[in-house]
Structures are given as C-alpha cells and as structure tokens.
Amino acid sequence: MVLFLDVVPIHGPCGTGKTWLACAIANEAIKQRHKAFYIRLPRLLELYDNMRNSGKSLSQAVQKYAKYELLILDEWLMYEMSDKDKQFISELMEVRHDTCSTIFCSQYPTEDWYDKLHKSTLTEALLDRIVHNRIDIDMGTENFRIK
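Every chain is numbered on its own, with residues counted from 1 as its sequence reads. In keeping with the model being predicted, local features are shown solely for residues with a pLDDT of at least 70 and side-chain atom pairs are shown and tallied solely at 80 or more, while totals for entire chains, interfaces and linings include all residues. To obtain the side-chain values, all non-hydrogen atoms of the structure were included, while hydrogens and water were left out.

**Observations regarding the overall build of the protein chain**
Secondary structure elements follow DSSP: runs of H or I of four or more residues count as helices, runs of E of two or more count as strands, with numbering from the N terminus. Each helix and strand counted, the protein chain has 6 helices and 5 strands in total. The N-to-C order of helical and strand elements in the protein chain reads β-α-β-α-α-β-α-β-α-α-β. We compute the radius of gyration over the C-alpha atoms and compare it with the globule rule, which gives 2.2 Å times the number of residues raised to the power 0.38. Against the 2.2 N^0.38 benchmark of 15 Å for 147 residues, the protein chain shows a C-alpha radius of gyration of 15 Å, consistent with a compact globule. A principal-axis box enclosing the C-alpha atoms of the protein chain has dimensions of 45 × 35 × 25 Å. When each of the 147 residues of the protein chain is scored for burial, the buried share is 40%. Whether a residue is buried, partly exposed or exposed follows from its accessible area with a 1.4 Å probe, protein chains only, as a fraction of its type maximum: under 20%, in between, or over 50%, in that order.

This is the structure we're talking about:
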C-alpha cells in the first residue's frame, strides 16, 4: 500500500462508517510499516491547550503531530473552534502538506466547511491548506448502526 498524499475528507451522517473506514485505512498503513495516529479533534485541541498552558510553543505542538505519515482527525467541525485552534490546525497542515496524509472525518462535506468555520481570513488560510489536492469520500446516508 502506498499512502496517498495530502487530504482525504470522509463525510456523511452519524453511523455511515466514517471512523470505521478511516481506522481500516490506518490499520492497513500500519501493516505496511507507516506511522499512523487517530485522534478525535476535541481531544487533540484539549491536548494542544494543555501543551500551551505548560509553556510549549506552537511549533512544539505542531511537531508532535506532524511526524505521523497518516493522521486521522475524527469529529472534524463537530464543535466550535477558537482562532487559536484554527491557527494550530493551519500550522499543522502547513507542515504536513505534500509530505504525509491526513484524513478528516466529518458530518459536513468540504463545501460547507467555510461557513462552519465562520468566514474569516484565518478560516481562508486554514482551508487553503486543506481543500486543495484532496480526495473526497462521501459515505452516503445509510446508518449501519440501525441494522
């Protein structure tokens, strides 16, 4: 398996298998000896906040998560993001750009991300690092938990 480079947004409603698919890709990447890391975005931002409060710099926080060849960010845009959070993700994506892969699991398709992040210059900078060179995966609408 060769890792794809850059960004893969996986989107669909709850129960459509976004996380399952992302983790299946990560498991395959790990079998092929690639470094992969899965984290829910709220947890990542909590860890980043803790790092900031303990005196770590933005670049130290970015480097901690930039080292993975595949990074999966689950629950993307499920909760509001502060400007500091957006700046962190923007810097993280800048470092990862064209060198490794990032999967975003979201209930929202990429065309809705700009509005969800509250249109701003910082939002434009963040999304400019994400939405180019991407492969979108739409999981449809069927909830597999019901069956």
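There's plenty left to go through after this.
**Here we look at the pairing of strand β1 (residues 6-11)**
Here is the key point about a regular strand: its side chains alternate between the two faces of the sheet. For β1, the tally of buried residues reaches 6 of 6 residues, placing the bulk of the element in the interior. For two strands to be treated as a pair, DSSP must find no fewer than two bridges joining them. Where β1 meets strand β4 (residues 101-106), 6 bridges bridge the pair, whose relative direction is parallel. Paired with valine 7 across the bridge in β4 is threonine 102. Bridge count for β1 against strand β5 (residues 137-138) is 2 bridges, and the pairing is parallel. The residue of β5 that forms the bridge with histidine 11 is aspartate 138.

**Let's talk about helix α4 (residues 83-96)**
Taking 1.5 Å as the rise per residue, α4 with 14 residues should run 20 Å; its terminal C-alpha atoms sit 20 Å apart, in good agreement. Residues of α4 that are buried: Asp85, Lys86, Phe88, Ile89, Ser90, Leu92, Met93 and Arg96. One or two residues past the end of α4 sits aspartate 98, with phi positive at roughly 65°. Helix span, as expected, comes to 1.5 Å for every residue beyond the first.

**Considerations on the packing of helix α2 (residues 41-53) against α4**
Axis angles are defined between N-to-C directions and span 0 to 180 degrees, where every axis is a line fitted to C-alpha atoms and, for a helix, only to the segment in contact. Two elements in contact, α2 and α4, have axes separated by 11 Å at closest approach and are oriented at 100°. By the angle class used here, α2 and α4 are roughly perpendicular. Across from Leu41, Leu44, Leu45, Tyr48 and Arg52 in α2, the residues of α4 making contact are Lys84, Asp85, Phe88 and Ile89. Each residue is assigned to one class: nonpolar for Ala, Val, Leu, Ile, Met, Phe, Trp, Tyr, Cys and Pro, charged for Asp, Glu, Lys and Arg, and polar for all the others, Gly among them. Split by residue class, the contact of α2 with α4 holds 6 nonpolar, no polar and 3 charged. Note on terminology: angles under 35 degrees are roughly parallel, angles over 145 are roughly antiparallel, angles of 65 to 115 are roughly perpendicular, and the others are oblique. Any two residues whose heavy atoms approach within 4.5 Å at even a single point are treated as in contact.

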